[in-house]
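Okay, here's what each chain looks like letter by letter:
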Amino acid sequence: MAKEKETKSTENAKFNIRTLLTPRVVLILLAVLLVLIAVIWGAVAIGKYKNNGARYARDLSEQIGAGIQDAQKKAHLSLQNTSEYACINMIASDYDALYESSKTVEVSGVSIPEWMIFTEHNGNNLKKVTFYDYKQLEKYGNGVKTKANIAREGITSGMTPADVQQYIGFGPLCTEYTSPTEMTEHYKYYFKDKNSGDTVSYILSINYTNGTATSIKEEENYFILDVLTLD
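Residues numbered from 1 in each chain as written. Predicted model: local features only at pLDDT ≥ 70, side-chain atom pairs only at ≥ 80, totals over all residues. Heavy atoms only, no water.

## Describing the overall build of the protein
Within the protein, the regular secondary structure consists of seven helices and ten strands. In the structure as shown, the protein presents an accessible area of about 15,000 Å², 55% of it carried by carbon and sulfur atoms. (Helix = DSSP H or I, 4+ residues; strand = E, 2+ residues; numbered from the N terminus. Areas by Shrake-Rupley, 256 points an atom, 1.4 Å probe, with all protein chains shown as cover.)

Structure (structure tokens):
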């Protein structure tokens, strides 16, 4: 008898579930699920956009030559005069305004923003935009570690920034925009020289016009000199 009652209860439960899950109810549940997925995806996308300093810098660079107020509105940001970080304020004196990431990164034991945007003005108009990706310096202040010197001959005129980054294998530490069509990318990297056994660092700079590379130069970053002197 007990087994029969249990079997009937189970069958009744199944019947009730089937009764409740009508096509209309199923459609409503699916619609609710899709809305929840869209809300979650939107929140993640907005969060990524808000911390995408490179995108903010590109958007702002498209307004070079325009008034500062209009440039800020179109780039969806608000420039500041000072940073929340003392060390950033020490270098910000070379610029007119700045915009910084809300997230931090530790470089050589010091907390700084993950990225920074610095601007220079010509009166009330935007003149130049400079972007720094400080997260690259988190592991080592001399930039990104590579196995060897990056072969410059692999970077040719006509290459796009995406082509160059794919060839190099990482993004630039600094990007300077001097007009909506002119920019320079600076790549900072280091490696252990096989001959001397020393760590060496280089800064590779590529100029672009209308989205394609026009010239390239490289110089060694003699970081050891800053360690050996008090100047």
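## Observations regarding helix 4 (residues 68–75)
When helix 4 is considered as a whole, its buried residues turn out to be Ile-68, Ala-71, Gln-72 and Ala-75. Looking straight down helix 4, one finds its buried side chains confined to an arc of 100°; they lie on one side. Away from the buried face of helix 4 by more than 90 degrees, exposed residues Gln-69, Lys-73 and Lys-74 are located. In this structure, the buried side of helix 4 is in contact with helix 3 (53–61), strand 4 (115–122) and strand 5 (125–133). Directly after helix 4, the chain includes His-76, whose backbone phi takes a positive value near 60°. (Buried < 20%, exposed > 50% of the residue type's maximum accessible area, 1.4 Å probe, protein only. Arc of directions from axis to C-beta. Contact = heavy atoms within 4.5 Å.)

## A short note on helix 6 (residues 161–168)
Of the residues making up helix 6, those classed as buried are Pro-161, Val-164 and Ile-168. All buried residues of helix 6 lie within an arc of 65° about the axis, which places them on one face of the element. Among the exposed residues of helix 6, those oriented more than 90 degrees off its buried face are Ala-162 and Gln-166. Summarising the contacts, the buried residues of helix 6 are in contact with strand 8 (182–192) and strand 9 (199–209). Downstream of helix 6 by one or two residues, Gly-169 has phi in the positive range, about 105°.

## Observations concerning the pattern of salt bridges
In the structure shown here, the tally under the stated rule is three salt bridges. Across the pair Glu-114 and Lys-135 runs a salt bridge, and its minimum N-O distance is 3.9 Å. Here Glu-114 is found in the loop between strand 3 (110–113) and strand 4, whereas its partner Lys-135 is found in the loop between strand 5 and strand 6 (144–145), with 21 residues between them in sequence. Judged by its relative accessible area of 12%, Glu-114 is buried. Lys-135 is the salt-bridge partner of Glu-138, the closest N and O atoms lying 3.6 Å from each other. Under the relative-accessibility criterion, Lys-135 is labelled partly exposed at 41%. (Salt bridge = Lys/Arg side-chain N within 4 Å of Asp/Glu carboxyl O.)

## Points about the nonpolar core
Leu-60, Ile-117, Val-129, Val-164, Ile-168, Leu-204 and Ile-206 are the most contacted members of the largest nonpolar core, which has 33 residues in total. By residue number, the principal contributor to this core is strand 9, which donates five residues. Ranked by size, the runner-up nonpolar core spans 13 residues in total, among them Tyr-95, Val-107, Tyr-134 and Leu-173. (Core = buried A, V, L, I, M, F, W, Y, C linked by side-chain atoms within 4.5 Å.)

Geometry only, nothing functional implied.
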